[in-house]
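Architecture at a glance
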Amino acid sequence: MKPKYIISSCLVGVKCRYNATCSNTVNLVDMIDSGEAIPVCPEVIAGLPTPREPVEIQQTDDGLKVTSKEGNDYTQQFLYSAEEVLKICKENNITKAILQSRSPSCGFGKIYDGTFSGKLIDGNGVVADKLFKNGINVVTDEEFKK
Ligand code: SF4
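The text that follows walks through the structure, step by step, so that each part is easy to find.

What counts as what
Residues numbered from 1 in each chain as written. Predicted model: local features only at pLDDT ≥ 70, side-chain atom pairs only at ≥ 80, totals over all residues. Heavy atoms only, no water. Pairing = 2+ DSSP bridges. Helix = DSSP H or I, 4+ residues; strand = E, 2+ residues; numbered from the N terminus. Axes fitted to C-alpha atoms, helices over the stretch in contact; angles between N-to-C directions. Parallel < 35°, antiparallel > 145°, perpendicular 65-115°, else oblique. Left-handed = near helix turned anticlockwise from the far one by under 90°. Contact = heavy atoms within 4.5 Å. Nonpolar A, V, L, I, M, F, W, Y, C, P; charged D, E, K, R; others polar. Buried < 20%, exposed > 50% of the residue type's maximum accessible area, 1.4 Å probe, protein only. Expected span 1.5 Å × (residues − 1).

Let's shift gears to the sheet that holds strand β5 (residues 96-99). Taken in spatial order, the four strands make up an open sheet running β2-β1-β5-β8, and their pairing is parallel. Strands at the two margins of the open sheet, each flanked by one partner only, are β2 (37-40) and β8 (137-140). Across the sheet, the mean angle separating the axes of adjacent strands is 20° when strand polarity is ignored. In this sheet, β8 lies alongside β5 in parallel orientation, the contact comprising four bridges. For K96, the partnering residue across the bridge sits in β8 and is N137.

This next bit is on the packing of helix α3 (residues 75-91) against helix α4 (residues 126-133). Helices that pack against each other are described as a pair by the angle of their axes relative to one another and the distance between those axes. Across the interface, α3 lies against α4 with an axial gap of 9 Å and an inter-helix angle of 45°. Classed by the angle they form, the pair α3 and α4 counts as oblique. Here α3 and α4 pass one another in a crossing that is right-handed. Here α3 contributes F78, L79, S81, A82, E83, V85, L86 and C89 to the contact with α4, which in turn contributes V126, V127, K130 and L131. Looking at side-chain class alone, the contact of α3 with α4 contains nine nonpolar, one polar and two charged residues.

Looking now at the pairing of strand β1 (residues 5-8). Strand residues, when the strand is regular, have side chains that alternate between the two faces of the sheet. Side-chain alternation along β1 places Y5 and I7 on one buried face and I6 and S8 on a second face that is also buried. Bridge analysis of β1 against β2 gives four bridges, and the strand direction is parallel. Counterpart to I7 in the pairing with β2 is P39. Bridge count between β1 and β5: three bridges; the pairing is parallel. In the strand pairing of β5, I6 is matched with A97.

Of the positions making up α4, those classed as buried are V126, V127, A128 and L131. Directly beyond the C-terminal end of α4, a positive phi value near 90° is found at G135.

With that out of the way, let us pick up α3. The end-to-end C-alpha distance of α3, which contains 17 residues, comes to 25 Å, matching closely the 24 Å that a straight helix rising 1.5 Å per residue would cover. For α3, the complete set of buried residues consists of T75, F78, S81, A82, E84, V85, L86 and C89. In the stretch just after α3, N93 is the one whose phi turns positive, near 55°.

Right, let's talk about unusual backbone geometry for a bit. For the bond from T50 to P51, the omega torsion is 0°, close enough to zero to count as cis. For P51, the position within the fold is in the loop between α2 (42-45) and β3 (55-60). Of note in this structure, A20 is not a glycine but carries a positive phi near 60°. Tracing the backbone shows A20 in the loop between β1 and α1 (29-33). Of the residues examined, A20 reaches a relative accessible area of 30% and is grouped as partly exposed. The phi dihedral of F116 falls on the positive side, at around 55°, and the residue is not glycine. Summarising the element assignment, F116 is placed in the loop between β6 (108-112) and β7 (120-124). By relative accessible area, which is 22% here, F116 ends up partly exposed.

In structure tokens form, the structure reads like this:
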């Protein structure tokens, strides 16, 4: 079967989240096993280690920045992984993505506000935004359950 979807790796049992855990919100493993979907972790693609510092997106006068609470700047790695994930979609003619909600990479519709206080705002993770703006149908794990 040709893949139709990419899925955030952490949604299909890969312990690649910043704290080396996976998500258990939905069961999408069958889609990987059947070949219907490809697992992708943008932050691993960016070369970041697991576990790693949690980061959030800040909107600054100079544009988007992705930083940790300590101020370490990961913007370039996130922009790089967005290009790479889009490339994977294009190479495989994939037009749909199921991504982990609220992540600074994969979140779609709602993300944390950049203050590390747990507050959500409207917005997209860097990768989700890139895919959406290039015509990929993006849903989060939460929407996919509906
Ligand atoms: S949310 Fe995205 S970037 Fe974060 S661990 Fe899951 S797949 Fe990787």
